[in-house]
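What follows is the residue order along each chain.
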Amino acid sequence: MQTILNIVIWVVLALHLIMILVAAWRTWRSENSAARLVGLDVASTLTTAVLILVGIIGNNSLFLDVAIVTTALGYLATVTIAKFISDQRVF
Amino acid sequence: METLQQVIAMILLVLGTFLSLVGVIGFIRLPDVYTRLHATGKVSVFGLVFLLLAVSILTPLTAWKGILLIFFVLLASPAVSHSIASAAYKAGVPLAGPKRDDLKSKLERGSDKDV
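These numbers were taken from a predicted model, which means no experiment stands behind them. (Residues numbered from 1 in each chain as written. Chains lettered and ligands numbered in written order. Predicted model: local features only at pLDDT ≥ 70, side-chain atom pairs only at ≥ 80, totals over all residues. Heavy atoms only, no water.)

J.: Would you mind going over unusual backbone geometry with me for this structure?
T.: Note: most peptide bonds trans; most residues except glycine with negative phi. All names here are of chain A. Even without glycine at this site, Asn-59 takes up a positive phi of about 55°. Among the structural elements, Asn-59 can be located in the loop between helix H2 (33-58) and helix H3 (62-87). For Asn-59, a relative accessible area of 63% corresponds to the exposed category. Notably, Gln-88 is not glycine yet its phi reads approximately 55°, a positive angle. Here Gln-88 is to be found in the segment after H3. (Helix = DSSP H or I, 4+ residues; strand = E, 2+ residues; numbered from the N terminus. Buried < 20%, exposed > 50% of the residue type's maximum accessible area, 1.4 Å probe, protein only.)

J.: Looking at this model, I keep getting lost on the interface of chain B and chain A. Mind explaining?
T.: It is common to report an interface's size as the accessible area lost on association of the parts. Contact with chain B, which involves 44 residues of that partner, is made by 48 residues of chain A. For the pair chain B and chain A, the summed buried surface comes to about 3900 Å²; carbon and sulfur atoms form 80% of the total. For the chain B face of the interface with chain A, the top three residues by lost area are Met-10, Phe-27 and Lys-65 of chain B, together amounting to 14%. A salt bridge links Lys-90 of chain B to Asp-87 of chain A, with the shortest nitrogen-to-oxygen separation between them at 3.9 Å. For the interface between chain B and chain A, the tally reads four residue pairs in polar contact (both at pLDDT 80 or more). (Contact = heavy atoms within 4.5 Å. Buried area = accessible area lost by both parts, 1.4 Å probe. Salt bridge = Lys/Arg side-chain N within 4 Å of Asp/Glu carboxyl O. Polar contact = N/O pair within 3.5 Å; in protein donor to acceptor, adjacent residues only side chain to side chain.)

J.: Looking at this structure, how should I read the pattern of salt bridges?
T.: Side-chain pairs of opposite charge can arise where the charged atoms are in close proximity. On inspection of all chains with the given rule, the structure shows three salt bridges over all chains. When the shortest N-O distance is used, the salt bridge between Asp-65 of chain A and Lys-65 of chain B registers 3.2 Å. One end of the pair, Asp-65 of chain A, is in helix H3; the other, Lys-65 of chain B, is in helix H3 (residues 63-91), on a second chain. You can call Lys-65 of chain B buried: its relative accessible area is 10%. The salt bridge partner of Asp-87 of chain A is Lys-83 of chain A, with a shortest N-O separation of 2.8 Å. In this pair, Asp-87 of chain A and Lys-83 of chain A are both assigned in helix H3, four residues apart and thus about one turn of the helix distant. Put simply, Lys-83 and Asp-87 of chain A together with Lys-90 of chain B are held in one network by salt bridges that share partners.

J.: I'm lost on H2 of chain A in this one. Help?
T.: Each full turn of the α-helix corresponds to 3.6 residues, which orients residues three or four apart in the same direction. All names here are of chain A. Taking 1.5 Å per residue as the helical rise, H2 with its 26 residues ought to reach 38 Å, and the 37 Å between its terminal C-alpha atoms agrees with that figure. Within H2, 19 of the 26 residues are buried, leaving the element largely enclosed by the surrounding structure. Looking at the residues trailing H2, positive phi occurs at Asn-59, about 55°. (Expected span 1.5 Å × (residues − 1).)

J.: It is not clear to me how the side chain of Thr-48 of chain A should be interpreted in this structure. Could you clarify?
T.: By the element assignment, Thr-48 of chain A lies in helix H2. Accessibility expressed as a relative area gives 3% for Thr-48 of chain A, which makes it buried. Setting aside residues up to four positions removed in sequence, Thr-48 of chain A forms contacts with Ala-67, Thr-70 and Thr-71 of chain A together with Leu-48 of chain B.

Dropping the structure here:
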């Protein structure tokens, strides 16, 4: 059962990496900055998922702490950029 | 007990990945910002939540980290999606498709040139 789980985890990790590249390509091709911001939000969610999967593979719970921090920073950055898009200033 | 954990974790992993896939496909295919936010705001976040559930089941000793992150993601993600949508609307991003704009009278909109 352990080997099947390992295979599943590696396949899931590969899928997530492909999804990050696809989201980055679509962000590159999008028409305005709000759509690009959505792309960045998707990319940050997917990188958190990759972090967690690496944590499962390495059997090390440190990655979960890193995932918490990256999620928080990702959301903070997204909200700041959204504020900049709407009002052309941040503070 | 061990294999039961792994079977449940496997199912959750596959489900989470499927949801993230749906979120990314929604992000690619949908016409404008607001519809894309539907896909990414809800679906790819739930993909993450299922992944975190799988982690919490696989490593029960540090399950509280997974639960904490699930709680934080479910708390913060709708707010972030809302901020993107309102920023895009205020900046004047056009709506795709048949227009039914409830917010038109209440909120003044910038012209699209500065986006």
